[in-house]
Amino acid sequence: MTTHSAGIHHISAMVKDPQRTLDFYGNVLGLRFIKQTVNFDDPGTYHFYFGDETGTPGTVITFFPIPGIGKGSVGSGQVGVTAYLVPVGSLLFWESRLQAHGVATVATERFGEPSLLFEDPDGLVVELVARASAKQTDWLVPGITKQEAITGFAGATLLSKDPEATVRLLTELFGFTKTGEDSEWVRLEGEADYGNVIDVKKAVLPNGVPGAGTVHHIAWRIADGDEYTTWQDAIFDLGLRPTEVRERHYFRSVYFHDEGRILHELATDAPGFLVDETIDELGSALKLPDWLEVDRDKITRTLPTITIPRGDRI
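Described in the following lines is the structure provided in the data block. As the structure is a prediction and not an experimental result, all values here were calculated from the model. (Residues numbered from 1 in each chain as written. Predicted model: local features only at pLDDT ≥ 70, side-chain atom pairs only at ≥ 80, totals over all residues. Heavy atoms only, no water.)

1. Brief notes about the packing of aromatic side chains
- Using the criterion set out here, one finds 17 aromatic pairs in the structure.
- Chaining the aromatic ring pairs together yields one cluster made of F24, Y25, F33, Y46, F48, F50, F63 and F118.
- The ring of W185 has R110 sitting right over it, with the charged end atom 4.9 Å from the ring centre.
- The ring of W185 carries K201 above its face, with NZ or CZ at 4.8 Å from the centroid. (Phe/Tyr/Trp six-rings, centres within 6.5 Å; stacked < 30°, edge-to-face > 60°. Lys NZ or Arg CZ within 6 Å of the ring centre and 35° of its normal.)

2. A closer look at unusual backbone geometry
- In this structure, the amide linkage connecting A270 to the following residue, P271, adopts the cis form with an omega of 5°.
- Checked against the element boundaries, P271 lands in the loop between strand 17 (263–268) and helix 5 (290–293).
- The backbone of H249 shows a phi angle near 75°, a positive value even though the residue is not glycine.
- By secondary structure assignment, the location of H249 is in the loop between strand 15 (246–247) and strand 16 (252–257).
- Even without being a glycine, R261 presents a positive backbone phi close to 70°.
- If you trace the backbone, R261 turns up in the loop between strand 16 and strand 17.
- Among the residues examined, R261 registers a relative accessible area of 44% and is labelled partly exposed. (Helix = DSSP H or I, 4+ residues; strand = E, 2+ residues; numbered from the N terminus. Buried < 20%, exposed > 50% of the residue type's maximum accessible area, 1.4 Å probe, protein only.)

3. What about the pattern of salt bridges?
- Tallied over the full model, the rule gives 19 salt bridges.
- When the shortest N-O distance is used, the salt bridge between D280 and R313 registers 2.8 Å. Of this pair, D280 sits in the loop between strand 17 and helix 5 while R313 sits in strand 18 (residues 312–313), and the two are 33 residues apart along the sequence.
- Classification of D280 as exposed rests on a relative accessible area of 58%.
- Through salt bridges with shared partners, one network takes in R110, E113, E127, R131, R187 and D199. (Salt bridge = Lys/Arg side-chain N within 4 Å of Asp/Glu carboxyl O.)

4. Focus on the packing of helix 1 (residues 18–28) against helix 2 (residues 91–100)
- Closest axis-to-axis distance for the helix 1/helix 2 pair is 12 Å, and the angle between their directions is 145°. Considering how the two elements wind past one another, helix 1 and helix 2 form a crossing that is right-handed. Residues F24, N27 and V28 of helix 1 lie in contact with helix 2, whose contacting residues are W94, R97 and L98.
- Here the contact of helix 1 with helix 2 is built from residues that sort into four nonpolar, one polar and one charged. (Axes fitted to C-alpha atoms, helices over the stretch in contact; angles between N-to-C directions. Left-handed = near helix turned anticlockwise from the far one by under 90°. Contact = heavy atoms within 4.5 Å. Nonpolar A, V, L, I, M, F, W, Y, C, P; charged D, E, K, R; others polar.)

5. Focus on helix 4 (residues 228–237)
- Among the residues of helix 4, Y228, W231, Q232, A234 and I235 are the ones counted as buried. Taken down its axis, helix 4 places every buried residue within 160° of arc, on the same side. The outward face of helix 4, more than 90 degrees from its buried face, is lined by the exposed residues T229 and D237.
- For helix 4, the secondary structure elements touched by its buried residues are strand 14 (214–222), strand 16 and strand 17.
- Residue G239 follows helix 4 closely and has a positive phi angle near 80°. (Arc of directions from axis to C-beta.)

6. Considering the sheet that holds strand 2 (residues 32–39)
- Taken together, the eight strands give an open sheet; going across it, the order is 2-3-4-1-14-17-16-15, and neighbouring strands pair in mixed fashion. For this open sheet the edge positions go to strand 2 and strand 15, each flanked by a neighbour on one side alone.
- Pairing of strand 3 (residues 42–51) with strand 4 (residues 60–65), which is carried by three bridges, proceeds in the antiparallel orientation. Paired with Y49 across the strands is T62, a residue of strand 4. (Pairing = 2+ DSSP bridges.)

7. What about the environment of L31?
- Within the fold, L31 resides in the loop between helix 1 and strand 2.
- In the structure, L31 is positioned 29 residues away from V60 in sequence and 9.2 Å away in space, judged by C-alpha atoms.
- Those residues in contact with L31 that sit more than four places away from it in its chain are Y25, G26, F50, G51, I61, Y84, W139 and I150.

8. Topic: the sheet that holds strand 7 (residues 113–119)
- Spatial ordering of the open sheet is given by 6-7-8-5-10-13-12-11, a layout of eight strands whose pairing is mixed. Looking at which strands have only one partner, the edges of the open sheet turn out to be strand 6 (106–110) and strand 11 (177–181). Going from strand to strand, the sheet's axes swing by 30° on average, the running direction of each strand aside.
- With four bridges joining them, strand 11 and strand 12 (residues 185–189) adopt antiparallel strand pairing. In the sheet register, T177 faces strand 12, and the bridge partner there is E189.
- The strands that helix 3 (residues 163–172) touches are strand 10 (152–159), strand 12 and strand 13 (197–201); relative to strand 13, the one it contacts most, it runs at about 160°.

As structure tokens, this is what we get:
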């Protein structure tokens, strides 16, 4: 077997306020809140998942809301911009909707594609990219129709301390293809129809500082956990150090830093988010893996009460 990834599985970011994050991503951007659980490595804090109606790989943004966390700064060794896919012709709608919610936007273009840049309430840089795609979503919130709704990830921009090494990793390990280059960016594309376009910044910025408003890691899709030994061997062969396989309940994971200090995760498509809830129940209750269930009472006492954003599966 050769190593290969079709594109992004999920992206995980750090934020400060749980409810503010739920309101913005669920009610303003219209993503479905698909899972409320806890950070398995720090069960006293939430771990939130948003995505399309079922949390399809390539649509999932996750958040670690940590009320006491300090403000981070975006820089080298991080994902710079998290980019979402919206239908062609919908950017004026989004500009109006975001500005009505007090969110300043900047219209821009990269490699001929129009997009809209803005910051979430924690300062996380978000981009809406208008790009033709067969991907649709069956989750809608008031004020957003299928003609405007976010369908998944468009991709991401990566800020590397060693851009050439990061490009090499994506092409040689993950099987991405270089499809564009200008004075500022190298564009790489995977085979998926969404979550597959990665732009690596050529300039090396000052080091990023982890904290609220920064991405913790980017996860890449792999189909089957049986392949992990092959992946780990390939990562070792690049002179990098993968972790052991970690059980994340909805997928299994291996983590490693590349030479540009970006934290990457390899995440399996299976079993997915329907393993412990029906499609209609997704996100409605705090879900804990078996090994944390025994501490449910203690855990729930430490977590703030939240109001879940609402929408409709059509």
